[in-house]
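Overview (structure and organization)
For reference, the chains in residue letters:
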Amino acid sequence: MAAAHRFLHPQAPGWRYERVLPSIGRAHFAGGAVVAALAWIAAAFAPDVSWLAWGEVRRAAVMLALLDLAVPISPFIGSAARHVREWSMAAWGLLVMLGVGPLIVTLIGG
């Protein structure tokens, strides 16, 4: 784990993760908001096009939002949730609601 940490974060003299955590958290929150917006758009609209399997697109967008925003585990994805949670629990709670919402809308709406 220590070897992997060396490649994930700079090792410059005086560099501390705690000092840049607010910037990293805000950046991941902004990226997470974009993922949430795409999932909400996919869940809310169903275009009438025959060349696109919209159900599959919607399912992929909703699952991406759920895993990236609500699950703070990062071997695959979920880095937005993990970094935002380290920065602010309130902001992470908002991302969780934004990430789980499209799943609930999709399940209720069919």
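Right above here is the structure, for reference.
Summary of the structure given here.

Calculation notes
Throughout, a residue's number is its position along its own chain's written sequence, starting from 1. Where local features are concerned, this predicted model is filtered to residues with pLDDT of at least 70; where side-chain atom pairs are given and counted, the filter is 80 or more; whole-chain, interface and lining totals use all residues. To obtain the side-chain values, all non-hydrogen atoms of the structure were included, while hydrogens and water were left out. Note on method: axes are straight lines fitted to C-alpha atoms, helices fitted across the in-contact stretch only, with angles between N-to-C directions ranging 0 to 180 degrees. Labels follow the DSSP assignment, with helices taken as runs of H or I lasting at least four residues and strands as runs of E lasting at least two, numbered in each case from the N terminus. Roughly parallel covers angles under 35 degrees, roughly antiparallel covers those over 145, roughly perpendicular covers 65 to 115, and oblique covers all other angles. By convention the crossing between two helices is left-handed if the near helix lies anticlockwise of the far one by an angle smaller than a right angle, and right-handed if it lies clockwise. Whether two residues are in contact is decided by their heavy atoms: any pair within 4.5 Å suffices. Any residue outside Ala, Val, Leu, Ile, Met, Phe, Trp, Tyr, Cys, Pro, Asp, Glu, Lys and Arg is labelled polar, Gly included; the first ten of those are nonpolar and the last four are charged. Relative accessibility under 20% of the residue-type maximum defines a buried residue, over 50% an exposed one, and the middle range a partly exposed one, all with a 1.4 Å probe and only protein chains included. In this analysis, rings of Phe, Tyr and Trp, with Trp reduced to its six-membered ring, are considered paired at centre separations within 6.5 Å, and the interplanar angle assigns stacked below 30 degrees, edge-to-face beyond 60, and tilted for intermediate values. Either the NZ atom of lysine or the CZ atom of arginine qualifies as a charge over a ring when it sits within 6 Å of the ring centre and within 35 degrees of the ring normal. A helix is expected to span 1.5 Å multiplied by its residue count minus one. The bend reported for a residue corresponds to the angle between axes fitted to the seven residues ending at that residue and the seven starting there. Side-chain atoms within 4.5 Å are what join buried Ala, Val, Leu, Ile, Met, Phe, Trp, Tyr and Cys residues into a set we call a nonpolar core.

Helix α5 (residues 89–109) packs onto helix α2 (residues 17–44) with a crossing angle of 15° between their chain directions and a minimal axis gap of 9 Å. Comparing their axes, α5 and α2 come out roughly parallel. Handedness of the crossing formed by α2 with α5: left-handed. Taken together, the residues of α5 that come into contact with α2 (itself represented by Phe 29, Gly 32, Ala 33, Ala 36, Ala 39, Trp 40 and Ala 43) are Ala 91, Leu 94, Leu 95, Leu 98, Gly 101, Pro 102, Val 105 and Thr 106. Residues belonging to the contact of α2 with α5 are distributed by class as follows: 12 nonpolar, 3 polar and no charged.

Another point: the environment of Phe 29. With respect to the helices and strands, the residue Phe 29 is situated in helix α2. Given a relative accessible area of 24%, Phe 29 falls into the partly exposed group. In this structure, the C-alpha to C-alpha distance between Phe 29 and Leu 95, residues 66 residues apart in sequence, is 7.5 Å. Excluding residues that lie within four positions of it along the chain, Phe 29 makes contacts with Val 84, Trp 87, Ala 91, Leu 94 and Leu 95.

The full count for this structure, using the stated rule, is 0 aromatic pairs. Over the aromatic face of Trp 92 sits the side chain of Arg 85, whose NZ or CZ is 5.9 Å from the ring centroid.

Here we take up the environment of Trp 54. Position of Trp 54 relative to the elements: it lies in helix α3 (residues 54–70). For the pair Trp 54 and Ala 43, spaced 11 residues apart in sequence, the C-alpha separation works out to 9.9 Å.

Its 28 residues give α2 an end-to-end C-alpha distance of 38 Å, which sits within 8% of 40 Å, the value for a rise of 1.5 Å per residue. Along α2, the sharpest change in direction is near 30° and occurs at Ser 23. Listed in full, the buried residues belonging to α2 are Tyr 17, Leu 21, Gly 25, Gly 32, Val 35, Ala 36, Ala 39, Ala 42 and Ala 43. Turning to α2, the residues buried within the fold contact α3, α4 (79–87) and α5.

Quick look at the nonpolar core now. If you look at the biggest cluster of nonpolar residues, it comprises 11 residues: Val 35, Ala 36, Ala 39, Ala 65, Leu 69, Ala 80, Ala 81, Val 84, Ala 91, Trp 92 and Leu 95. Where this core is concerned, the elements lending two or more residues are α2, α3, α4 and α5. Not counting the four nearest positions on each side in its chain, Leu 69 is found in contact with Gly 32, Val 35, Ala 36, Leu 64, Ala 80, Ala 81, Trp 92, Leu 95, Val 96 and Gly 99.

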